[in-house]
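Reading the structure
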Amino acid sequence: VQLQASGGGLVQAGGSLRLSCAASTRSFSSYAMGWFRQAPGKEREFVTAIDWSGRSTYYADSVKGRFTFSRDNAKNTVYLQMNSLKPEGTAVYYCAAEFRGWGTSLMGMDPYDYWGPGTLVTVSS
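Residues numbered from 1 in each chain as written. Predicted model: local features only at pLDDT ≥ 70, side-chain atom pairs only at ≥ 80, totals over all residues. Heavy atoms only, no water.

1. A short note on the overall build of the protein chain
Counting secondary structure elements, the protein chain contains 0 helices and 11 strands. Taken over C-alpha atoms, the radius of gyration comes to 13 Å for the protein chain, in line with the 14 Å a tight globule of 125 residues would show. C-alpha extents for the protein chain along the principal axes are approximately 40 × 25 × 25 Å. Partitioning the contacts of the protein chain with sequence separation of at least 6, the portion at a separation of at least 24 is 60%. Total accessible area computed for the protein chain in this model is approximately 6400 Å², and 46% of it derives from carbon and sulfur atoms. Side chains of the protein chain carry 12 positive and 9 negative charges; the gap between the two charge centres is 8 Å. (Helix = DSSP H or I, 4+ residues; strand = E, 2+ residues; numbered from the N terminus. Rg over C-alpha atoms; globule rule 2.2 N^0.38 Å. Contact = heavy atoms within 4.5 Å. Areas by Shrake-Rupley, 256 points an atom, 1.4 Å probe, with all protein chains shown as cover. Lys, Arg positive; Asp, Glu negative; His and termini not counted. Charge placed at Lys NZ, Arg CZ, Asp CG, Glu CD.)

What follows is the structure in structure tokens.
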């Protein structure tokens, strides 16, 4: 499975961006998807995830109420709508996929089988 994230860029604090992640698999609907980010000099951290059924979505406390994660199985794509962006949101954002993933384990990196190359989001103050 190949993942390709897009939509990153430069935005002012308080602004919005929508990231997309397209997957090259016919079994996309069987994959849980996640977003992680890595800021300069910091470890990669969890942002949000959606289980393979689409019924459950998980968010890091730092993005709850501002970010919305959704999936379109017909397009093999997930979307991360990011509103009210903050300078601390500056990072490379990575999407990841896990076959038949579910539950809070999706908030960790270990379960994911596939990772995309990332897209840079820069939030200026």
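Picking up where we left off.
2. So, the state of the cysteines
Applying the stated rule across the entire model yields 1 disulfide. C21 shares a disulfide with C95; S-S distance 2.0 Å. Between C21 and C95 the disulfide shows an S-S torsion of about 55°. By sign, it is right-handed. Of this pair, C21 sits in strand β3 (residues 17–23) while C95 sits in strand β9 (residues 91–99), and the two are 74 residues apart along the sequence. A single burial state applies to C21 and to C95, both of which are buried. (Disulfide = S-S within 2.5 Å. Buried < 20%, exposed > 50% of the residue type's maximum accessible area, 1.4 Å probe, protein only.)

3. Description of the pairing of strand β11 (residues 119–124)
Look at any regular strand and the pattern is simple: side chains alternate between the two faces of the sheet. Residues of β11 alternate between two faces, with T119, V121 and V123 buried on one and L120, T122 and S124 left unburied on the opposite face. Where strand β2 (residues 9–12) meets β11, 4 bridges bridge the pair, whose relative direction is parallel. By the bridge assignment, G9 is partnered in β11 with V121. Note that β9 and β11 share 3 bridges and pair antiparallel. Looking across to β11, one finds that Y93 is bridged to T119. (Pairing = 2+ DSSP bridges.)

4. Digging into the environment of F36
Inspection of the secondary structure assignment puts F36 in strand β4 (residues 31–38). Residue class for F36 comes out buried when judged on its relative accessible area of 1%. C-alpha of F36 to C-alpha of R100: the two residues are 64 residues apart in sequence and 18 Å apart in space.

5. A closer look at the packing of aromatic side chains
What the rule picks out here adds up to 6 aromatic pairs. Judged by centre distance (5.3 Å) and plane angle (80°), the rings of F36 and Y112 are edge-to-face. With F36 in strand β4 and Y112 in the loop between β9 and β10 (114–115), the pair connects residues that are 76 residues apart, well separated along the chain. Residue classification places Y112 among the buried positions, given a relative accessible area of 6%. Plain terms: the ring middles of Y112 and W115 are 5.8 Å apart, the flat faces sit at 65° to each other, and that makes the pair edge-to-face. For W115, a relative accessible area of 29% translates into the label partly exposed. Through a chain of ring-to-ring contacts, the aromatic side chains of F36, F46, Y112 and W115 assemble into a single cluster. Above the ring of W115, the side-chain terminus of R44 is found at 5.1 Å from the ring centroid. It is R100 that lies over the ring of W52; its NZ or CZ is 4.6 Å from the centre. (Phe/Tyr/Trp six-rings, centres within 6.5 Å; stacked < 30°, edge-to-face > 60°. Lys NZ or Arg CZ within 6 Å of the ring centre and 35° of its normal.)

Remember that the coordinates give geometry; whether it matters functionally is a separate question.
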